[in-house]
Amino acid sequence: MDVIQGDVTGPVSDKDAFTTPSTKVVQSYEVNRSTGTVTFTYQLGAVDHPVYVRLRGTDGKRSAPGLLGAAVDPNGPRIDVYGDADPWNDLWFYSNPIWVLPRR
């Protein structure tokens, strides 16, 4: 499971932009259990500007460095092979963003 974090910067000038300057995988956790409850803790640290975090997880069968390279996304979803896109060999989940604002 990955924790993805980025800065909230407001509206963009290029509505076709596909990336954000600071968003990247900041923490990864290995899940070694197939039953029961698993708990993870991620320390955000001091927040002096708006940020967001979201979670992403996989079954671990089809991962590869992300589009922007391993420094930003070391284990993202591998591109599907045309004609061989079996969804059961590539299960991923994504959470909605969690918005974090600094205290004023």
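Every value quoted in this text rests on a predicted model; they were computed, and no experiment measured them.

Caption draft 1: Main features of the side chain of arginine 56. Topologically, arginine 56 is positioned in strand β3 (residues 51-58). Of the residues examined, arginine 56 reaches a relative accessible area of 5% and is grouped as buried. Of the polar contacts made by the side chain of arginine 56, one reaches the side chain of aspartate 73; its length is 2.6 Å. Setting aside anything within four residues of it in sequence, one finds arginine 56 in contact with Met1, Asp2, Ile4, Val25, Asp73, Asn75, Gly76, Pro77, Trp92, Phe93 and Tyr94.

Caption draft 2: Expanded view of the packing of aromatic side chains. Overall, the coordinates contain two aromatic pairs when judged by the stated rule. An angle of 50° between the planes, with centres 4.8 Å apart, marks the rings of tyrosine 29 and phenylalanine 40 as tilted. Of this pair, tyrosine 29 sits in the loop between β2 (24-28) and β3 while phenylalanine 40 sits in the loop between β2 and β3, placing them 11 residues apart in sequence. In this structure tyrosine 29 comes out as buried when scored by relative accessible area, which is 18%. A relative accessible area of 28% places phenylalanine 40 in the partly exposed class.

The rules we used
- Residues numbered from 1 in each chain as written.
- Predicted model: local features only at pLDDT ≥ 70, side-chain atom pairs only at ≥ 80, totals over all residues.
- Heavy atoms only, no water.
- Helix = DSSP H or I, 4+ residues; strand = E, 2+ residues; numbered from the N terminus.
- Buried < 20%, exposed > 50% of the residue type's maximum accessible area, 1.4 Å probe, protein only.
- Polar contact = N/O pair within 3.5 Å; in protein donor to acceptor, adjacent residues only side chain to side chain.
- Contact = heavy atoms within 4.5 Å.
- Phe/Tyr/Trp six-rings, centres within 6.5 Å; stacked < 30°, edge-to-face > 60°.

Purely geometric numbers; function is a separate question.
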